[in-house]
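# Summary of structural features
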Amino acid sequence: MDVGDSPLLPDSILYEIFLYLDHVDVLSVGLVCRQWHAVARDEFLWKELFYRYYRVSREVPRHPAAVSWYEDFQRLYDTIPCVEVQTLTEHNDQVLHLSFSHTGYLFASCSKDCTVKIWNNELAISLLHSSNMRLYNWSYTQFSQFNSDDSLLLVSGVFVGPRNCSSGEIAVISLENFTLLSRVRNKPYDVFGCWLNETNLISGNLHRIGHITSCSVLWLNNAFQGIESENVNVVKRLFKIQNLNASTIRTVMVADCSRYDAPDLLLDYKEQLAAATSPYQVFDLGSDSEEEEVKPKQKVMPEPVAQASPGGGSGTAEDGLQQFLDDILEGRVMPVLSERELETKVAELLARNRTKPPELTQLPTEASNKKKYLIFTTGCLTYSPHQIGIKQILPHQMTTAGPVLGEERRSDEFFDSLDHVIDIHGHIIGMGLSPDHRYLYVNSRSWPRDCVISDPMQPPPIAEEIDLHVFDLKTMKEVKRALRAHRAYTPNDECFFIFLDVSRDFVASGAEDRHGYIWDRHYDICLAKLQHDDVVNSVVFSPIEQELLLTASDDTTIKVWRSPRTVRIHQARKPKPRKLLFSWLMNQKS
């Protein structure tokens, strides 16, 4: 196979590769590079070099979009954003999160200094605007997201309420004039919040039912609720889900299922092969409001859907509860349950016919282009988030039009069931969607293999190694093997969220070991470690240029990383000083 007119790698890069392979020494580099260029169009040599240099299993096929092994070698070696080109120091405390606008022209940063800063993404990045949220009694900003047309910015943060109680709040900022349009309660604060569409965002609220039982309510909010007419609904309840064993819903995000049929990259090798033989499959990878407290008589199990009893009566649950209480009083339940175990058991029994089954008659067809999933972390065994809950959002739920609490139910009538639950068997510390929303990437710290949880307030110990799992949202199954390279050290009760990001070809994550990491999505190999002086909390690729990556750290800085290829291009564009002409002019004057 011929690599065509593709430019050859620079001698300096070839030299480094050969040194790594122990093929050459310093004195013979020139000769070997010339010899290599002479045979550089031989695909067998490049394939051998690829597998040996990157230590990829020979069972892994070539990237489906690569024309040759040479081209794929060049992509992995020359297009990884691993060259630090700028360090931004405008924050004066830990930087917690970064987010790009969809056009890539702007990005936002959140920090423990309680500001949200908006930046111009130019060749030399510059600060455009900074908002200090201490004016609204916030203690820090923690998350931001641009809406789909980049006209509004959602900012999530932690504010100090009455009696110094911390809670969450979401602010909506106009990007036209940087004015604050609205503020929305968000409880707990690590729900973060997200956009459902251009003008509606999702927030959370939490109601305590018992000591370890609670209710999470997810709300759809109009971003302009502070200025809309009083005759227009600005909030609507989406879902109400019961939590057991001190767990809560956190980290909500929305996946657009309409993108599945045109994936950026298929991760299943067999599916890749089938797609490659289809004349229709084309890969383009280029270079580039608070609700009243509810009665403790409901629950949704994060297991297969609990069905309502025939006729909608509550006899089954009440009979089961009565039998359970009789067993306790007559000593037939051994050993005696603790208060927490009793609360959980009663909540489970009372929830069996208080859980709403899926709205099967309203499910959209596969051809529907409005199908979306709400994705969040949850759990059923302990407060530590160890499961991913998935709930489909139906078309009629994507607007605040209609009754605020729903058309067919009272606020305390039932809880909503989940459509899918993915158990991670570990503490989830990060989630991110691929650009095509086909794959969900999850950072977790695993529990011991055969651990048993007897107390929901005492979750199992967690591993230092961070596992990066990948789930196909089309099949709801895990694909690939878990990736490992980065570490975290905090214990379970101090574990915090580390934001990861996924581009067309790469996935990146921060870590507590003071590095950011980049992997290739197809080959499952770690390609780069990016140095900071403290914990790396967030990483983000430019949505229009995956050869640009930003990292945010507890060291108060934001670092800008570009690929070697991009750096060479930018340096070539700089005008070179004309020293000879300057010397000639000086000689003429003298």
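Residues numbered from 1 in each chain as written. Predicted model: local features only at pLDDT ≥ 70, side-chain atom pairs only at ≥ 80, totals over all residues. Heavy atoms only, no water.

## So, the nonpolar core
Keep this limit in mind: Side-chain atoms within 4.5 Å are what join buried Ala, Val, Leu, Ile, Met, Phe, Trp, Tyr and Cys residues into a set we call a nonpolar core. For every residue, the accessible area (1.4 Å probe, protein chains only) is compared with the maximum for its type, and the residue is labelled buried under 20%, exposed over 50%, or partly exposed between those bounds. Put simply, DSSP H or I for four residues or longer makes a helix, DSSP E for two residues or longer makes a strand, and each gets a number counted from the N terminus. Pairs of residues are marked as contacts when any of their non-hydrogen atoms sit within 4.5 Å.
In this structure, Phe50, Tyr54, Val56, Phe73, Ile518, Tyr523 and Leu549 are the most contacted members of the largest nonpolar core, which totals 26 residues. Mapped by element, the contributors of at least two residues to this core are helix 3 (43-54), helix 4 (69-78), strand 25 (506-510), strand 27 (525-531) and strand 28 (536-542). Ranked by the residues each element gives to this core, the list is headed by helix 3, at six residues. Residues in contact with Leu549, not counting those within four places in the same chain, are Pro81, Ala508, Ile518, Leu530, Val539, Val540, Phe541, Lys559, Val560 and Trp561.

## Quick look at the sheet that holds strand 11 (residues 200-208)
Cut-off, in case you're wondering: Strand pairing is assigned whenever DSSP identifies at least 2 bridges connecting the two strands.
Here four strands make up an open sheet; going across it, the order is 10-11-12-13 and the pairing antiparallel. For this open sheet the edge positions go to strand 10 (194-195) and strand 13 (235-243), each flanked by a neighbour on one side alone.

## Brief notes about the confidence of the model for the chain
This is how it is decided: For every residue, the pLDDT score states the predictor's confidence, bounded by 0 at the bottom and 100 at the top.
Residues of the chain with pLDDT of at least 70 account for 72%, and the chain-wide mean is 81. Under a pLDDT of 50 for its full length, residues 23-27 has, in the predicted model, nine contacts with residues more than four places off or in other chains. Throughout residues 361-368 the model reports pLDDT below 50, and contacts reaching past four residues in sequence, or to other chains, amount to eight contacts.

## A look at the packing of aromatic side chains
Spelled out, the test is: Here the aromatic set is Phe, Tyr and Trp, taking the six-membered ring for Trp, and pairing holds for ring centres within 6.5 Å; pairs whose planes are under 30 degrees apart are stacked, those over 60 apart are edge-to-face, and all others are tilted. A ring is considered to have a charge above it if a Lys NZ or an Arg CZ atom is located within 6 Å of its centre and within 35 degrees of its normal.
Counting across every chain of the model gives 20 aromatic pairs. Taking the centre distance of 4.9 Å and the plane angle of 55 degrees together, the rings of Phe50 and Tyr523 count as tilted. On the basis of relative accessible area, Phe50 is assigned to the buried category, the value being 0%. One aromatic cluster is present, formed by Phe50, Tyr51, Tyr53, Tyr54, Trp69, Phe73, Tyr77 and Tyr523 through successive ring pairs. For Lys112, the ring lying beneath its charged end belongs to Tyr140, and the centroid distance is 5.1 Å.

## Comments concerning unusual backbone geometry
The amide bond that connects Lys187 to the next residue, Pro188, takes the cis arrangement and shows omega of -5 degrees. Among the secondary structure elements, Pro188 is positioned in the loop between strand 9 (180-186) and strand 10. The backbone of His437 sits at a positive phi, close to 60 degrees, despite the residue not being glycine. Phi at Asp524 takes a positive value of approximately 60 degrees, unusual for a residue other than glycine. Mapped onto the fold, Asp524 is located in the loop between strand 26 (515-520) and strand 27.

## Describing the side chain of Asp190
With respect to the helices and strands, Asp190 occurs in the loop between strand 9 and strand 10. For Asp190, a relative accessible area of 19% corresponds to the buried category. Non-local contacts of Asp190, meaning those with residues more than four positions away in its chain, are made with Gln142, Arg250 and Thr251.

## Quick word on the sheet that holds strand 28
Spelled out, the test is: Here an angle of 0 to 180 degrees is reported between the N-to-C directions of two axes, which are lines fitted to C-alpha atoms, with helices fitted over the stretch in contact.
With antiparallel pairing, four strands are arranged side by side in an open sheet as 1-30-29-28. Edge positions in the open sheet fall to strand 1 (83-88) and strand 28, since each of these has one partner strand only. Ignoring which end each strand starts from, the neighbouring axes of this sheet average 20 degrees apart. Relative to strand 30 (residues 558-562), strand 1 runs antiparallel, the two sharing five bridges. From the neighbouring strand, Thr87 faces strand 30, where its bridge partner is Lys559. Contacting strand 1, strand 29 (545-553) and strand 30, helix 8 (residues 564-573) runs over the sheet at an angle of about 85 degrees to strand 30.

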